Amino acid sequence: MNISFHDYVSGAARAGRLVVQPRMGFGTIATMSEGLYRVRDAVGLEPRAGTLTIDAMTRVNQVGRATEILRQGKALNGFPIVSHGPQLTRQMLAAVSAPNFAVQVRHGSAFPMHIFETAAAAGFDAIEGGPVSYNFPYSRHPLADTIAAWRDVCRFWAAHGQRLGVPTHIETFAGCMMGQMAPPELLVALSLLEGMFLEENGIASISLSLAQGSLACQDEGALLALGALARDHLRRSDWHLVFYTYMGVFPRSVEGAERLIRDSAETAVRGRAHRLIVKTVAEAHGIPTIENNIEALGWARESADKAANKPDPETKVWAQTIFDRAEKIIVCARSLGSNIGDALGFAFAGGILDVPYCIHQSNRNEAKATVDPASGAVVWLNQGRMPIERAAVRRDLADRFDGQAYKNALAWVRDRYDEHAKKVAHANG
Amino acid sequence: MLRKLLMPTAKTKCLAILASTPDDSHQWNLHGVEMELKERNIEVINLGPLTPCKVIAETVRDRHPDLLVVSTVNGHGVHSMLEVLRTLEEYQVKRSIRIVIGGLLTTDPEKTKTAISTLMSAGCSGVFSGPEAWSSFDEFLHGVVSVEPFPDQVY
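So, here's what we can say about the structure. If you're wondering where the values come from, they're calculated on a predicted model, not measured in any experiment.

Topic: helix α1 (residues 5-14) of chain A
Link 1 in the chain: The set of residues buried in α1(A) consists of Phe5(A), His6(A), Tyr8(A), Val9(A) and Ala12(A).
Link 2 in the chain: Positive phi appears at Gly16(A), one or two residues downstream of α1(A), with a value of about 70 degrees.

Looking at the sheet that holds strand β6 (residues 205-211) of chain A
Residues and elements named next belong to chain A.
Link 1 in the chain: Pairing within the open sheet is parallel, and its six strands lie in the order β1-β8-β7-β6-β5-β4. Each edge of the open sheet carries a strand with a single partner, namely β1 (19-21) and β4 (126-128). Pairs of neighbouring strands in the sheet enclose a mean axial angle of 25 degrees, with direction left out of account.

Describing the pattern of salt bridges
Link 1 in the chain: Across all of its chains, the model carries 37 salt bridges over all chains by this definition.
Link 2 in the chain: Notably, a salt bridge pairs Arg262(A) with Glu302(A), separated by 3.0 Å at the nearest N-O pair. Here Arg262(A), found in helix α10 (residues 254-270), pairs with Glu302(A), found in helix α11 (residues 290-306); they are 40 residues apart in sequence, far enough to count as distant.
Link 3 in the chain: Of the residues examined, Arg262(A) reaches a relative accessible area of 12% and is grouped as buried.
Link 4 in the chain: Using a relative accessible area of 38% as the deciding quantity, one classes Glu302(A) as partly exposed.
Link 5 in the chain: Close ionic contact of Glu36(B) with Lys407(A) constitutes a salt bridge, the shortest N to O distance being 3.0 Å. Highlighted residues: Glu36(B) in helix α2 (residues 28-39) and Lys407(A) in helix α15 (residues 403-410), drawn from two different chains.

Considerations on the environment of Thr112(B)
All names here are of chain B.
Link 1 in the chain: Secondary-structure assignment places threonine 112 in helix α5 (residues 112-121).
Link 2 in the chain: For threonine 112, a relative accessible area of 18% puts it in the buried group.
Link 3 in the chain: Note: C-alpha distance between threonine 112 and valine 78 (34 residues apart in sequence) is 9.6 Å.
Link 4 in the chain: Setting aside chain neighbours within four positions, we find threonine 112 in contact with Thr106 and Ser129.

Here's the deal with the environment of Gly179(A)
All names here are of chain A.
Link 1 in the chain: The residue glycine 179 is located in the loop between β5 (169-171) and α8 (184-200) in this model.
Link 2 in the chain: Owing to a relative accessible area of 11%, glycine 179 belongs among the buried residues under this scheme.
Link 3 in the chain: Remark: the alpha-carbon pair of glycine 179 and leucine 336, spanning 157 residues in sequence, is separated by 27 Å.
Link 4 in the chain: Beyond its immediate sequence surroundings of up to four residues, glycine 179 is in contact with Met247 and Gly248.

Quick word on the sheet that holds strand β1 (residues 15-19) of chain B
Residue and element names in this part refer to chain B.
Link 1 in the chain: Pairing is parallel in the open sheet, where five strands are placed in the order β2-β1-β3-β4-β5. Of all strands in the sheet, those bounded by a partner on one side alone are β2 (43-46) and β5 (126-128). Averaged over neighbouring strand pairs, the angle between their axes works out to 20 degrees when direction is ignored.
Link 2 in the chain: The sheet contacts of helix α3 (residues 53-63) involve β1, β2 and β3 (67-72), and relative to β1 the element is tilted by about 170 degrees.

Describing empty space enclosed by the protein
Residues and elements named next belong to chain A.
Link 1 in the chain: What the rule picks out here adds up to one cavity of 30 Å³ or more.
Link 2 in the chain: Of the volumes computed, that of the largest cavity is approximately 170 Å³.
Link 3 in the chain: As for the largest cavity, its lining consists of 20 residues, of which Met181, Ala182, Gln212, Gly213 and Val378 are closest to the centre.
Link 4 in the chain: Only α8, β6 and α16 (412-427) provide two or more residues apiece to the lining of the largest cavity.

Some words on the packing of aromatic side chains
Link 1 in the chain: Following the criterion strictly, the structure yields 13 aromatic pairs over all chains and no others.
Link 2 in the chain: Each ring, one from Phe116(A) and one from Trp150(A), has its centre 5.7 Å from the other, and the planes form 90 degrees; the classification is edge-to-face. Residue Phe116(A) is located in helix α6 (residues 113-122), and its partner Trp150(A) is located in helix α7 (residues 143-164); the two are separated by 34 residues in the primary sequence. Considered together, Phe116(A) and Trp150(A) belong to a single accessibility category, that of buried residues.
Link 3 in the chain: Here Phe128(B) and Phe140(B) contribute two aromatic rings whose centre-to-centre distance is 5.4 Å and whose plane-to-plane angle is 70 degrees, an arrangement assigned as edge-to-face. On the criterion of sequence distance, the pair formed by Phe128(B) in strand β5 and Phe140(B) in helix α6 (residues 133-144) is long-range, its members being 12 residues apart. Residues Phe128(B) and Phe140(B) agree in their burial class; the two are buried.
Link 4 in the chain: Grouped by ring-pair contacts, the aromatic residues Phe116(A), Tyr134(A), Tyr138(A), Trp150(A), Trp157(A), Phe173(A) and Tyr244(A) constitute a single cluster.
Link 5 in the chain: Directly above the ring of Tyr357(A) sits Lys368(A), whose terminal nitrogen or CZ lies 5.3 Å from the centroid.
Link 6 in the chain: Lying across the ring of Trp134(B), Lys407(A) places its NZ or CZ 3.5 Å from the centre.

Reading guide: rules and limits
- Residues numbered from 1 in each chain as written.
- Chains lettered and ligands numbered in written order.
- Predicted model: local features only at pLDDT ≥ 70, side-chain atom pairs only at ≥ 80, totals over all residues.
- Heavy atoms only, no water.
- Buried < 20%, exposed > 50% of the residue type's maximum accessible area, 1.4 Å probe, protein only.
- Helix = DSSP H or I, 4+ residues; strand = E, 2+ residues; numbered from the N terminus.
- Pairing = 2+ DSSP bridges.
- Axes fitted to C-alpha atoms, helices over the stretch in contact; angles between N-to-C directions.
- Salt bridge = Lys/Arg side-chain N within 4 Å of Asp/Glu carboxyl O.
- Contact = heavy atoms within 4.5 Å.
- 1 Å grid on protein atoms, 1.4 Å probe; cavity = no way out; pocket = protein on both sides within 12 Å on 5 of 7 lines; lining within 4 Å.
- Points joined across faces, edges and corners; volume = space filled by probe spheres on them.
- Phe/Tyr/Trp six-rings, centres within 6.5 Å; stacked < 30°, edge-to-face > 60°.
- Lys NZ or Arg CZ within 6 Å of the ring centre and 35° of its normal.

Written out as structure tokens, the structure is:
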């Protein structure tokens, strides 16, 4: 029997250690099991968690197509859990089970009841997503539809926990919206609001996410603010913080990618996150192999264990700023409905929440942001209708923001880490 | 005065419909293309990611654009674009506009050349992929679409 995901991460948190976890998914039972075994048994990775990522066809409710591709022996970009069915999946999970190994299902589906049902029947207790974070980046459906759908899946998942006798876990993906160039106060507010939505619909174990940005002290401050806000706003559930290695345009050089991954582990520790979703050097080039994943998890483990937990003064300033701004957004959004689901819908309709660069019928897309090329911080160019003070808007950058500046901002992290790798290689001879 | 009267009047703004393919959820590329088009004084209707073929065809039919720009980076661009072109044909609007596509069209870089020729013979007027994509697209816009960025300065 596996330990529950909730108990495993809580145990590591009490011991003050960061859990590292890959984003791994393969089409066949054989490769998927091998991936899970390798993560479980790799020397020196503990504490670590396993991942079962669902394929793109199953995510968009085209199970028939996934089954067909699987039958033809062609590659899928994840595990088609519904095609394999609960029985085979349960057997696979039982085979890799160990008293110190927990596995989370990760999917990216806007309407995921089919995935939740199969995962529950297969014996999983941890999954992820949310009504905003799995709609805006992945679908064209109105927000109201996914809010309704996620109320149902949350209640289903909570009832599944009662049958299992463990608190079933859902992680909100809202701190990763668009992968890059979203100011952290918005990500923190969204992560909290989606977490509050999960809690409101019966989920007892929740993780709040945040993705690495382009400036370490800004990210550390954001994590500290997220933790402080969670203590205030999530009172009925157990929660932890999960940090993600950079989700935007990834360095092309192996050395640059390794540095970025190691930096994400250090930031996670200094920001007091409890878990880290680790990327690999293959991100810029295709689907990572098991080997890529184990290698990256090893770097993250090593850097996390070496990282000193001492926030610098700049981090404290960021933490306070991000806390104040996110708190304002949360309070303002929360006031709009008698429950969090309705409040989220109204907040996006009215522009109190507005995700920069997200083209979606339920997002106003009036707010704009960029990377400040001088400091690396993610900053506002236009706050839209959000309750963000005018002083936070960088008019100087907004005035000369053109297509080229946009492309430079998107590639800022990649270019900086690739440049650094080149310099190191040069210095070494 | 006479000179001014004899000069052609400023052309109405060029209109482009910008879309992705039905299975591509990437958005950053769409914003980049939108900004580049607008900087060239082209009006843009951005249909967003995961654009259903039907939505593209209906918008082309209803808005009479000068240009349809499809941007896709998920590596399945060839297959999906052929579907878009078939739908445009069904709506009988394929021949009325210039159609271009750009981005990452195949997961195997060695197949890019085949991809370009497939799409050109299927009815695209321009296919832009690889390291030169942006500069080629820029030349294409200057050459094929008659754009007058600052009509006042002509005089």
